[in-house]
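For reference, the chains in residue letters:
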Amino acid sequence: MDNNFIDVILPIPLEKLFTYSISDAGAALLRPGMRVAVPFGKSKIYTALVIKLHRTPPIAYEAKEIDQILDESPLVTPIQIQFWQWLAEYYMCSLGEVFRAAVPSVMLLESETLILRNQSAVIEEDTLNDDEFLIFEALQHQSILRVGEISDILGKKNVIPILNRLLQKNIIIIKEEVYEQYRPKLIKYVQLGKDHTSEENLEALLNSLSRAPKQSQVVLSLFQLQATTKKPVKLSDLEKESGSSSAVIKALIDKEILEEHFIRVDRVVYEGDGEHSPLKSLNEYQQTAFQDIKDSFDAGKVTLLHGVTSSGKTEVYVKLIEEFIKMDKQVLYLLPEIALTTQLIARLQTYFGEKVAVYHSKYNAQERVEVWNNVLGKEARAQIVLGARSAMFLPFRDLGLIIVDEEHESSFKQYDPAPRYHARDAAIVLGNLHGGKVLLGSATPSVESYYNVRISKYGYAQIQRRFGDVLMPLMELVDIKEQTRKKRMKGHFSERLLEEITETLENGEQVILFQNRRGYAPILECTTCGHAPQCPNCDVSLTYHQLRKQLRCHYCSYHIAIQNSCQACGSNTLNTKGFGTEQIEQELHTLFPNAMVGRMDLDTTRGKYGYEKIITSFEQQEIDILVGTQMLTKGLDFRNVNLVGIMNADTLLNFPDYRAHERSFQLLTQVAGRAGRTKKRGKVIIQTYNPDHRILQQVTTHDYLEMFNEQLYEREQYKYPPGNRIIKITFKHRDYNKLNEAAEWFSKSLRMGFGEMVLGPEYPPVARIRNQYLKHVLLKINRDHSLIRTKNSIKKIERSFNAISNYRGVRIIYNVDHI
Ligand code: ADP
Ligand code: ZN
Ligand code: ZN
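Residues numbered from 1 in each chain as written. Chains lettered and ligands numbered in written order. Predicted model: local features only at pLDDT ≥ 70, side-chain atom pairs only at ≥ 80, totals over all residues. Heavy atoms only, no water.

Chemist: I tried to follow the coordination of the zinc ion (ligand 2) on my own but got confused; where do I start?
Modeler: Ideal values for angles at a metal depend on the geometry: 109.5 degrees with four tetrahedral donors, 90 or 180 degrees with six octahedral donors. All of the protein donors around the zinc ion (ligand 2) are C526 (SG), C529 (SG), C566 (SG) and C569 (SG); their distances to the metal are 2.3 to 2.4 Å. Bound by four donor atoms, the zinc ion (ligand 2) shows angles of 105 to 113 degrees at the metal and therefore tetrahedral coordination geometry. On the primary sequence, the residues serving as donors to the zinc ion (ligand 2) are separated as C-x2-C-x36-C-x2-C. For C566, a relative accessible area of 6% translates into the label buried. (Donors = N, O, S within 2.8 Å, 3.2 Å for Na, K, Ca; no water. Tetrahedral: all angles 85-135°; square planar, octahedral: opposite > 155°, others 65-115°. Buried < 20%, exposed > 50% of the residue type's maximum accessible area, 1.4 Å probe, protein only.)

Right, here's the structure in full:
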């Protein structure tokens with residue numbers, strides 16, 4: 001050994017890098033960004049990442065030797081490592097935690113990883129070498145094996161390179177990557193041929209078919225179906241309605257009297273022929289915004305594109321992407337997970353074809369590694385990456401442009417586990433590291449971003465009109481207090497809302513109804529004694545789910561069957577309080593028995609394609625009324641929706657959080673934006689007990705500026721962002737008393753340094769989750785104060801805290817810029 005060492009990141013929450021020794025040969029091969037398998041602790045093997053090669057032995061311990069080099073060339077770039085270091089420092093976590101979050105888990109095999117056989121792989125046994133064959137065989141006898149167990153089977157200490165090969169060959173998969181298989185299906189639709197659509201032509205057509213009664217029956221049925229539903233007609237429906245066989249229909253198709261077409265349910269995989277559509281030419285407002293963005297980029301600024309819903313922001317992004325692609329740059333297009341729909345993917349693919357790659361947590365390991373490698377190789381196949389927040393961890397070489405669409409979305413902030421980063425803010429840092437440009441887009445910008453425009457930190461471009469001169473939807477507030485008093489409500493529907501739904505359905509148009517709660521009712525309460533069933537693991541009432549006849553906890557997976565009498569007093573006068581999407585769906589079945597009703601919430605969209613399926617069937621107009629939670633708000637472009645109803649705006653406004661008003665404005669404006677995206681002016685009905693509430697007035701008059709100014713004023717008063725920063729510190733433990741004492745001690749220490757800028761400790765609204773008690777402390781930091789110094793003081797307090805044996809086991813979680 002000639003004093004060759006490497007510093008590595010281990011994918012665990014250690015404060016420091018770890019040092020291992022390597023041979024001369026190793027030193028010649030290794031470069032930063034390559035992976036090595038290393039022993040750690042008594043018997044564990046981890047995949048670690050090389051950060052630095054050097055010749056200084058560690059002081060506190062004897063450096064162990066590495067087991068094996070895993071890569072021939074770096075998988076991670078120097079810019080990525082710089083980015084991770086920034087994340088770890090800014091968001092107060094370890095580099096190891098960032099490493100674990102940043103790379104696909106198949107790149108991180110360790111002794112505890114669970115390995116399975118890939119059931120769908122076709123395997124030719126003679127292509128396997130002895131070790132590979134032994135593993136393959138072992139997995140036929142035992143369906144799951146730990147990497148450590150595979151070591152024992154092969155009698156080798158380090159098997160990670162062999163497993164990496166098997167992963168590449170697709171012969172094995174790792175446990176958390178078992179994902180749902182779903183085959184998209186084609187649905188066949190029929191319509192009258194072009195020459196036969198008018199009434200006169202129809203008559204001529206029926207005459208010509210007078211000697212083919214079965215065929216004319218089909219034509220008549222089709223005509224009727226189209227007249228009543230005003231929708232594309234499914235082949236299966238036509239068969240049923242006309243009572244004819246598919247042979248009769250086929251004969252009509254052969255004669256070109258009918259036309260058939262398919263609508264694909266799944267369109268994620270690009271199967272185009274390489275022909276791309278030309279870009280749409282921008283209208284004057286888009287053109288102005290486009291030019292403003294470019295000028296602002298030239299001035300070196302992050303830029304906010306503030307364009308009302310349906311103003312054509314996406315087309316502006318497309319135009320920008322084209323320019324950066326021409327300059328041979330890579331482009332990253334970030335969206336909130338839920339807004340990453342096949343609709344948008346297909347739209348980008350029509351312009352850029354196979355250049356568009358998608359990176360999504362629901363994709364399997366193979367797909368993710370493929371994108372990783374393509375980005376690393378700066379391949380044309382992944383020049384444009386469309387993804388949720390984790391896509392920013394890809395190994396970009398030359399990132400020219402980052403677009404953060406729907407930048408106001410709070411789901412850009414990672415909540416758990418660490419790093420608890422905000423993808424929008426981190427994107428700005430990433431853009432800087434690459435010398436690239438960053439564009440934020442929204443119809444309802446966050447108060448933070450708009451504030452940054454105000455203080456000239458960001459550039460600004462706007463589009464105030466919807467594309468094609470479509471008017472902003474007409475907003476109407478309906479006072480349900482008044483309606484309830486006069487006993488005019490049917491269930492949760494006011495007369496106005498019912499009228500509008502009826503008219504919309506009669507016109508063959510669709511309706512979206514928004515209720516920000518899932519389940520049937522949040523609470524089942526005894527009217528005799530007031531008892532409401534609680535979750536035994538969390539401090540929260542159970543939610544009533546009528547369809548499954550269950551009471552469920554929305555914080556853990558606890559659920560019980562519905563009881564008929566009160567558990568406290570035995571009375572059977574149980575009543576529901578509040579209402580969720582399930583109840584609205586049920587009321588609709590009674591109120592509109594002929595309408596097809598769909599529901600979109602967490603309960604109906606589980607699984608890789610759950611969400612997609614509902615969107616597609618709404619798009620294909622198989623659903624007339626779609627009831628949903630805030631999942632409905634995200635960038636969906638439905639052509640035939642003319643009415644949006646908000647069932648109850650008050651639950652949003654009354655949320656105990658300093659952002660509740662900003663969020664309500666954003667949410668309501670975004671949902672409203674789903675109405676009337678084509679020529680006809682859409683309508684929005686907002687039901688509320690407080691029609692005079694400022695935020696509701698601002699939403700109905702589309703007055704973003706007034707909302708911004710009022711919110712900014714309030715936040716200045718109470719020292720919240722954007723004028724100040726906040727760090728939320730959460731304490732967590734099973735023991736109530738221990739937690740209380742610990743949180744008290746910590747906040748007292750903080751107060752010595754920061755005085756009244758420390759709030760709490762306080763219990764959150766749900767103070768116990770999965771049997772862990774929670775307490776929060778909020779620290780506000782004035783913009784003029786050094787964030788680094790503040791964090792160092794906190795860390796110092798934490799070190800003293802850790803030395804107190806009484807508080808051992810209490811978890812401390814930092815959430816910087818908590819939202
Ligand atoms: P936003 O992202 O602002 O909500 P979109 O980009 O989805 O708006 O545009 C709304 C609709 O207008 C889409 O159907 C889009 O295809 C259409 N559109 C936007 N810009 C143009 C354009 N320049 N030419 C033709 N159609 C456009
Ligand atoms: Zn009771
Ligand atoms: Zn629970």
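Chemist: Honestly, the site of ligand 1 in this entry has me stumped. Any pointers?
Modeler: Taken together, 17 residues lie around ligand 1, and S281, Q286, S310, T314 and R347 are the ones closest in. Measuring from an oxygen atom of ligand 1, one finds a backbone N or O atom of S310 at 2.8 Å. A total of three residues in the shell around ligand 1 trace back to one element, the largest contributor, which is helix α12 (residues 313–326). Partitioned by chemical class, the residues of the shell around ligand 1 number three nonpolar, seven polar and seven charged. (Near = heavy atom within 4 Å. Polar contact = N/O pair within 3.5 Å; in protein donor to acceptor, adjacent residues only side chain to side chain. Helix = DSSP H or I, 4+ residues; strand = E, 2+ residues; numbered from the N terminus. Nonpolar A, V, L, I, M, F, W, Y, C, P; charged D, E, K, R; others polar.)

Chemist: Teacher, can you tell me more about the pairing of strand β3 (residues 35–40) here?
Modeler: A regular strand carries its side chains on alternate faces of the sheet. Most of β3 sits inside the fold, with five of its six residues counted as buried. Two strands pair when backbone bridges link them, and β3 and strand β4 (residues 44–54) are joined in this way by six bridges, in the antiparallel orientation. Within β4, the position partnered with V36 by the bridge is A48. Taking the residues that link successive antiparallel strands as the turn, the β3-β4 hairpin has three residues, and the phi of G41 there is positive, at about 65 degrees. Strand direction decides the pairing type here: β3 and strand β6 (residues 68–69), joined by two bridges, are antiparallel. Bridge pairing in β6 places V36 opposite I69. (Pairing = 2+ DSSP bridges.)

Chemist: Just checking my understanding: could you explain α12 for this structure?
Modeler: Helical geometry: 3.6 residues make up each α-helical turn, so side chains three or four residues apart lie on a common side. Relative to the 20 Å expected for 14 residues at 1.5 Å per residue, α12 spans 20 Å between its end C-alpha atoms, a close match to the ideal helical length. Across the 14 residues of α12, 10 count as buried, placing the element largely inside the fold. After α12 finishes, the residue D328 shows a positive phi value of roughly 70 degrees. (Expected span 1.5 Å × (residues − 1).)

Chemist: Sorry, what's going on with the sheet that holds strand β13 (residues 303–307) here?
Modeler: Pairing between sheet strands relies on hydrogen bonds along the backbone, with the strands arranged either parallel or antiparallel. Taken together, the seven strands give an open sheet; going across it, the order is β15-β16-β14-β17-β18-β13-β19, and neighbouring strands pair in parallel fashion. Among the strands making up the open sheet, the edge pair consists of β15 (356–359) and β19 (459–463). When strand polarity is set aside, the average angle formed by the axes of neighbouring strands in this sheet is 20 degrees. Two elements, β13 and strand β18 (residues 437–442), share four bridges in a ladder whose sense is parallel. What sits directly across from L305, in β18, is G441. Strand contacts of helix α16 (residues 447–454): β13, β18 and β19, with the helix running at about 115 degrees to β13, the strand carrying the most contacts. (Axes fitted to C-alpha atoms, helices over the stretch in contact; angles between N-to-C directions. Contact = heavy atoms within 4.5 Å.)

Chemist: When you look at the nonpolar core in this model, what are you seeing that I'm missing?
Modeler: Side chains that are nonpolar tend, in soluble globular proteins, to be buried together. Within the largest apolar cluster, 142 residues are counted, with the highest numbers of intra-cluster contacts made by W84, L163, L332, M392, I729 and F746. Setting aside chain neighbours within four positions, we find M392 in contact with F83, L332, L334, Y421, A423, A426, A427 and L430. F290, Y351, L386 and I463 belong to the second-largest nonpolar core, a separate cluster that totals 33 residues. (Core = buried A, V, L, I, M, F, W, Y, C linked by side-chain atoms within 4.5 Å.)

Chemist: Please clarify how unusual backbone geometry should be interpreted in this entry.
Modeler: Apart from glycine, the bulk of residues carry a negative phi angle, and the bulk of peptide bonds sit in the trans form. Here P721 and P722 are connected by a cis peptide whose omega angle stands at 5 degrees. Looking at the secondary structure, you find P722 in the loop between α24 (704–717) and β31 (724–733). The amide bond that connects G760 to the next residue, P761, takes the cis arrangement and shows omega of 10 degrees. Despite not being glycine, S456 shows a phi value in the positive range, around 65 degrees. Its location among the elements puts S456 in the loop between α16 and β19. A residue is classified by how much of its surface remains accessible, and S456, at 47% relative accessible area, is partly exposed.

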